[in-house]
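Here is what each chain is made of, one letter per residue.
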Amino acid sequence: MATETHEAVGEGLADAMGVAAHEAADAAPGMPQLDFSTFGNQIFWLLVTLVVIYFVLSRIALPRIGAVLAERQGTITNDIAKAEELKAKAVEAEDAYNKALAEARAEAGRIIAETKAEMQADLDAAVAKADAEIAVKVAEGEKVIAGIRENALVSVKDVATETTAAIVAAMGGAADEKTVSAAIAARMKG
Amino acid sequence: MASEAHGAEQAADQGGLVFHPMDQFIVKPLFGGDTVEWYTITNVTLWMGVTILAIIALLVLGTSRRAIIPSRTQSIGELAYGFIYKMVEDVAGKDGVKYFPYIMTLFMFIVFANFLGLLPMAFTTTSHIAVTAVMAFAVFFAVTILGFVLNGPKFLGLFWVSSAPLALRPILALIEIISYFVRPVSHSIRLAGNMMAGHAVIKVFAGFAAITAIAPLSIVAITAMYGLEVLVSFIQAYVFTILTCVYLKDALHPGH
């Protein structure tokens, strides 16, 4: 029964496919893969296909892709080498910069120290000169003051003598000059 | 028999379950005619032609700009190139690289035929044993001839396992010889069988979609199978190619 059904299905299939398929189905019920009448056709077209693919690949596609890959590899290698070179240059430049900077700093330090020393020397000289001038001026001033003070004392004595004589006269007495002077001298000492 | 056929057709008319999972593999002439001669232009011709065009589109047109920074298409082409090149180099060794174009040809044909076969209504050329067997036997004969040409009688050392005890060697040699001659058979049936089975299963699930209640499940199953088939399409191309490389390695370096 099962086989009958199978055949029936096969028949229905074959009817649907038309006469050619009908023959094929008769020859190989079930698997078209085992229909040997089509083998020649498949093998012929397979060989044509493989030959075409082989020539397309070996003549055009594979050399081209191989060349592209090699070229890319070369480009990458070159770029890396160039990048390394540039990096080395950058490091070199940085070193040079740092060195120049250090030199400039040292130079600046030196100039500052020199200038400072010069200025200090100038300053010291000026201070010494000023000190000397001040000392001279002070000495002069002191002399003047001493003179003034002496004069003042003398004047005070004169004024005191005159005033005393005047007072004594006013009181009706007569004072001789020597007694008055001695008394004032005695008073001023005290 | 005729009435039974009629019954089957009636069942089809009434929307019952009709399974024709193998119809998709039938080789038929494109431009009418009844017979399939060796030169007839059939759906095999059509889909092999599409395969060639797809390969040219990827590997020739896609790389036509030869850009240092590749476009997406060029990138895929380069990936395919690198993938197979590395496989040949790793498996068959440096001296296997000169056979790279042949292996690349096989890989590109199989992988594109597999993937194109996944398009709805497409014909899967690699699901036919006639196609895979030709490739498998081509590999088998090429490798065998190459082995003898390059190594002379020393190629037979492949069957003489010198690391095994002497008493075992003849038995091992027999096993090795049998396995050597089974290679093209397994090589071809593995690919054709995988491609055929997956496509047939998808068709069977599709047949169940005629029942309304099962239709959603059927569609889910078809989707899942389709995903699996995408994977299988690549893996089988990969397996075929890497086995070719392994056989090539045996021819280039026959000792164990």
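What counts and what doesn't
- Sequence order sets the numbering: in each chain, residues are counted from 1 along the sequence as written.
- Just so you know, chain letters begin at A and ligand numbers begin at 1, following the order they were written in.
- Owing to the predicted nature of the model, reporting of local features is limited to residues with pLDDT of at least 70; listing and counting of side-chain atom pairs is limited to 80 or more, with chain, interface and lining totals taken over all residues.
- Side-chain numbers here rest on the full set of heavy atoms in the structure, without hydrogens or water.
- The term salt bridge refers to a side-chain nitrogen of Lys or Arg lying within 4 Å of a carboxyl oxygen of Asp or Glu.
- Secondary structure elements follow DSSP: runs of H or I of four or more residues count as helices, runs of E of two or more count as strands, with numbering from the N terminus.
- Classification of residues uses two cut-offs on accessible area relative to the type maximum, computed with a 1.4 Å probe and protein chains only: under 20% is buried, over 50% is exposed, and between them is partly exposed.
- The contact rule is simple, with two residues in contact once any of their heavy atoms fall within 4.5 Å.
- Accessible area, probed at 1.4 Å, shrinks when two parts are joined; the buried area is that loss added up over both.
- Gly falls in the polar group here, along with every residue not listed as nonpolar (Ala, Val, Leu, Ile, Met, Phe, Trp, Tyr, Cys, Pro) or charged (Asp, Glu, Lys, Arg).
- UniProt positions are given in the numbering used here, feature names are shortened, and annotations may be inferred rather than shown by experiment.
- For Phe, Tyr and Trp, rings pair up if their centres lie within 6.5 Å, where Trp contributes its six-membered ring, and each pair is then called stacked (planes under 30 degrees apart), edge-to-face (over 60) or tilted (otherwise).
- A score between 0 and 100, pLDDT records how confident the predictor is in each residue.
- In this text, buried Ala, Val, Leu, Ile, Met, Phe, Trp, Tyr and Cys residues form a nonpolar core when linked through side-chain atoms within 4.5 Å.
- Axis lines are fitted to C-alpha atoms, over the contacting stretch for helices. Their N-to-C directions set the angle, which ranges from 0 to 180 degrees.
- Each angle receives one of four descriptions, namely roughly parallel if under 35 degrees, roughly antiparallel if over 145, roughly perpendicular if within 65 to 115, and oblique otherwise.
- By the definition used in this description, the sense in which the near helix is turned from the far one sets the handedness, with an anticlockwise turn below a right angle giving left-handed and a clockwise turn giving right-handed.

### Some points on the pattern of salt bridges
Tallying each qualifying case throughout the model produces six salt bridges over all chains. The salt bridge involving E78 of chain B is made with R72 of chain A; its shortest N-O contact spans 2.8 Å. With E78 of chain B in helix α3 (residues 72-92) and R72 of chain A in helix α3 (residues 39-170), this pair bridges two chains. Residue classification places E78 of chain B among the buried positions, given a relative accessible area of 9%. By relative accessible area, which is 16% here, R72 of chain A ends up buried. With a closest N to O distance of 2.9 Å, R110 of chain A and E107 of chain A form a salt bridge. With R110 of chain A and E107 of chain A both in helix α3 and three residues apart, this pair spans about one turn of that helix. What makes E107 of chain A partly exposed here is its relative accessible area of 37%. When salt bridges with common partners are traced through the structure, they connect E107, R110 and E114 of chain A into a single cluster.

### Some details on the interface of chain A and chain B
With 44 residues of chain A in contact, the opposing surface of chain B contributes 54 residues. Carbon and sulfur atoms make up 74% of the area that chain A and chain B hide from each other, which totals about 4,500 Å². Breaking the side of chain A that touches chain B down by element, the ones donating at least two residues are α1 (2-17) and α3 of chain A. No other element matches α3 of chain A, which puts 28 residues into the side of chain A that touches chain B. Residue classes in the side of chain A that touches chain B are distributed as 25 nonpolar, twelve polar and seven charged.

### Thoughts on the UniProt feature "coiled-coil region" (unreviewed entry) in chain A
In this numbering, the UniProt entry assigns the feature "coiled-coil region" (unreviewed entry) to residues 76-103 of chain A. In residues 76-103 of chain A, helix accounts for 100% and strand for 0%; the two terminal C-alpha atoms are 40 Å from one another.

### Remarks on the packing of aromatic side chains
Per the counting criterion, the structure on display carries 23 aromatic pairs over all chains. Here the aromatic cluster, defined as three or more aromatic residues joined through ring pairs, consists of F137, F140, F141, F148, F155, F159, Y180 and F181 of chain B.

### Topic: the UniProt feature "transmembrane region" (unreviewed entry) in chain B
Residues and elements named next belong to chain B. Mapped onto the present numbering, the UniProt feature "transmembrane region" (unreviewed entry) falls on residues 38-62, 99-123, 129-150, 157-182, 202-223 and 230-249. When the span residues 129-150 is considered, its composition is 100% helix and 0% strand, and the gap between its end C-alpha atoms is 30 Å. Between the C-alpha atoms that bound residues 202-223 the distance is 9 Å, and the span itself is 73% helix and 0% strand.

### Some words on the environment of T105 of chain B
Positionally, T105 of chain B belongs in helix α4 (residues 100-117). Measuring from C-alpha to C-alpha, the distance between T105 of chain B and T241 of chain B comes to 9.8 Å, with 136 residues separating the pair along the chain. Filtering out sequence-adjacent residues up to four positions away, T105 of chain B remains in contact with L50, I53, Y54 and L57 of chain A.

### A few points about the confidence of the model for chain B
Residue and element names in this part refer to chain B. Mean pLDDT for chain B: 88, with 93% of residues reaching 70 or above. Mean pLDDT values for the elements of chain B range from 44 in helix α1 (residues 2-13) up to 95 in α4. The low-confidence segment residues 1-14, where pLDDT is below 50, has eleven contacts with residues more than four positions distant or belonging to other chains.

### Regarding the UniProt feature "transmembrane region" (unreviewed entry) in chain A
The sites that UniProt annotates as "transmembrane region" (unreviewed entry) are residues 43-62 of chain A. In this annotation, residues 43-62 of chain A is assigned 100% helix and 0% strand; the end-to-end C-alpha distance for the span is 25 Å.

### What to know about the nonpolar core
In this structure, L57 of chain A together with L59, M104, M108, F109 and M135 of chain B are the most contacted members of the largest nonpolar core, which totals 62 residues. Listed by contribution, the elements that provide at least two residues to this core are α3 of chain A together with α2 (43-61), α3, α4, α5 (129-151), α6 (169-208) and α7 (215-252) of chain B.

### Examining the packing of α3 of chain A against α4 of chain B
Close contact between α3 of chain A and α4 of chain B brings their axes to 9 Å; oriented N to C, the two are set at 120°. In this view, α3 of chain A runs oblique relative to α4 of chain B, as classed from their interaxial angle. For α3 of chain A against α4 of chain B, the interelement crossing comes out right-handed. Of the residues in α4 of chain B, those touching α3 of chain A at L46, T49, L50, I53, Y54, L57, S58 and L62 of chain A are F100, P101, Y102, M104, T105, M108 and F109 of chain B.

### Comments concerning the confidence of the model for chain A
All names here are of chain A. On average, residues of chain A score 83 in pLDDT, and 84% of them reach the 70 mark or higher. Averaged pLDDT values over the elements of chain A bottom out at 42 in helix α2 (residues 19-27) and peak at 93 in α3. Overall, residues 1-28 carries pLDDT values under 50, and its contacts beyond four positions in sequence, including any with other chains, amount to 26 contacts.

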